[in-house]
Amino acid sequence: MTIHYYVRSREQDEQLGLLEQEEAQQSSGKEEVKENKVDKEKKKEEFFDGKSEVATFRTNCPNCNVPCDTNMKLVDIPHFKEVVIMATVCDACGHKDNEVKGGSGIEPKGTKITLKITDPSDMSRDVLKSDTASMAIPELDFCAEMGTLGGRFTTLEGLLEGIKEQLSDSNPFFKGDSSDKERASKIEIFCQEVQKIISGERLGDHFILDDPAGNSYLQNVYAPDPDPEMTIEQYERTYEQNEDLGLNDMKTENYETS
C-alpha cells in the first residue's frame, strides 16, 4: 500500500466548503483588527484626566438616602500637595456635603500649624482640614479632637462657621426642655465669641490645626516668604497617634508571608 499526500486545489477546497471558512476567518480577523483600532481610539478619547476633569458617580444621600450625584476632582494646592475633593448635592432634600482626602498618603511626620489672628482678612485664608486633624483655640479653652467636621477644604471663616453649626444648630442635646441649661448657656457664649472672631471684633486669638498624618494646610498669604503670624511645626508622632492612624499594625519591612 502506498499513500500519497497532495495539496488540494482551490476548486477542491470550494467543493468541500473549506474556502468559505477561510474567507470567513480572514474577514473576521480583519474585523477584529478594525474593532481593536476603534477600541484603542475610543480609549484615547475616553481617557480621564483627573486634574482637569470632574468625575461623577452615583451615591445615596447621607441625609435622606435618596440616590444622588457625587462629584470628585483632583486638586493641586499651591505650596502643598494634591488632594481629592468630593462634593455631594442632593436634589431631593437639598443636603450638601463635601469631603477632602489627601492624595499622597500619610506623611512621615505630623504637622502642627498655629495662626495668630491679627486681621479680619485672616478669615479668607484657605484651609484644608483632613479628617485626622484636631482644632484648638486656647484663648476660648476650645479643642476639637480628630474626626470633628470630617475632611474639609474651605476658608478659616467657613471652618469656624462649621464649628458653630456643629455645636449649636446640629447638636440635639443643647436644645429643648431636656437640655442642660447651664451647658447650653456656655455653648451659646462660646458661639458668640467665635462670631466675634469671624466678624473681626476679637483679634489676637490663636487657631491651631494639629494633624498627625501631616495632610492639613493653612494658606500662607506671604508665600513663598514665611508668614510672620503663622508657625508650622513638624513633629514625631507618639505611639497613641500611630495607633489611631493604624500605623502600628502596618509592617512593610522584613516581613514574611505564609
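For the protein chain, the name recorded in an unreviewed UniProt entry is Zinc finger ZPR1-type domain-containing protein, with Magallana gigas as its organism. Per its UniProt entry, the protein chain bears the Sequence similarities (unreviewed entry) comment "Belongs to the ZPR1 family."

Some points on the overall build of the protein chain
Counting its regular elements, the protein chain contains five helices and 12 strands. Residues classed as buried in the protein chain amount to 31% of the 258 residues present. The contacts in the protein chain between residues at least 6 apart in sequence include a share of 59% that link residues at least 24 apart.

A word on the sheet that holds strand β11 (residues 217-218)
If you walk across this open sheet you meet the three strands as β9-β6-β11, and the pairing is antiparallel. Two strands lie at the open edges of the sheet, namely β9 (152-155) and β11, each paired on one side alone. The sheet contact formed by strand β6 (residues 126-129) and β9 spans four bridges and is antiparallel. Residue pairing across strands places Val 127 opposite Thr 154, the latter belonging to β9.

Remarks on the nonpolar core
Counting residues in hydrophobic clusters, the biggest one holds 27 residues, and the most contacted among them are Met 135, Phe 142, Leu 156, Leu 160, Ile 163 and Phe 207. Elements with a contribution of two residues or more to this core: β5 (110-116), β7 (134-137), β8 (142-144), α3 (156-169), α4 (181-199) and β10 (206-211). For Leu 160, the residues in contact, after removing those within four places along its chain, are Met 123, Ile 137, Val 194, Ile 197, Ile 198 and Phe 207. In terms of nonpolar packing, the next biggest core, distinct from the first, is built from six residues, Ile 77, Val 83, Val 100 and Tyr 217 among them.

Details of the sheet that holds strand β12 (residues 230-235)
Hydrogen bonds along the backbone pair up the strands of a sheet, which may run parallel or antiparallel. Read across the open sheet, the five strands follow the order β8-β7-β10-β5-β12; overall the sheet is antiparallel. Because the sheet does not close on itself, it has two edges, and the strands there are β8 and β12. Neighbouring strand axes in the sheet, compared pairwise and without regard to direction, differ in orientation by 10 degrees on average. Sheet topology places β7 next to β8; three bridges connect them, and they run antiparallel. Looking at the pairing, Met 135 lines up with Ala 144 of β8.

Regarding the side chain of Lys 164
You can see Lys 164 is positioned in helix α3. Overall, the relative accessible area of 16% leaves Lys 164 in the buried class. A distance of 2.6 Å separates the side chain of Lys 164 from the side chain of Gln 195, its partner in a polar contact.

Quick notes on unusual backbone geometry
The amide bond that connects Ala 223 to the next residue, Pro 224, takes the cis arrangement and shows omega of 5 degrees. Among the secondary structure elements, Pro 224 is positioned in the loop between β11 and β12. The phi dihedral of Asp 141 falls on the positive side, at around 55 degrees, and the residue is not glycine. Looking at where Asp 141 falls in the secondary structure, it is placed in the loop between β7 and β8.

Side note on the pattern of salt bridges
In total, this model carries eight salt bridges according to the counting rule given. Residue Lys 109 is joined to Glu 236 by a salt bridge in which the shortest nitrogen-to-oxygen separation is 3.8 Å. Taken together, the residues span a long stretch of sequence, with Lys 109 in the loop between β4 (96-102) and β5 and Glu 236 in the loop between β12 and α5 (239-245) at a distance of 127 residues. When its relative accessible area of 37% is taken as the criterion, Lys 109 is described as partly exposed.

What counts and how
- Residues numbered from 1 in each chain as written.
- Predicted model: local features only at pLDDT ≥ 70, side-chain atom pairs only at ≥ 80, totals over all residues.
- Heavy atoms only, no water.
- UniProt positions renumbered as here; feature names shortened; annotations may be inferred.
- Helix = DSSP H or I, 4+ residues; strand = E, 2+ residues; numbered from the N terminus.
- Buried < 20%, exposed > 50% of the residue type's maximum accessible area, 1.4 Å probe, protein only.
- Contact = heavy atoms within 4.5 Å.
- Pairing = 2+ DSSP bridges.
- Core = buried A, V, L, I, M, F, W, Y, C linked by side-chain atoms within 4.5 Å.
- Axes fitted to C-alpha atoms, helices over the stretch in contact; angles between N-to-C directions.
- Polar contact = N/O pair within 3.5 Å; in protein donor to acceptor, adjacent residues only side chain to side chain.
- Salt bridge = Lys/Arg side-chain N within 4 Å of Asp/Glu carboxyl O.

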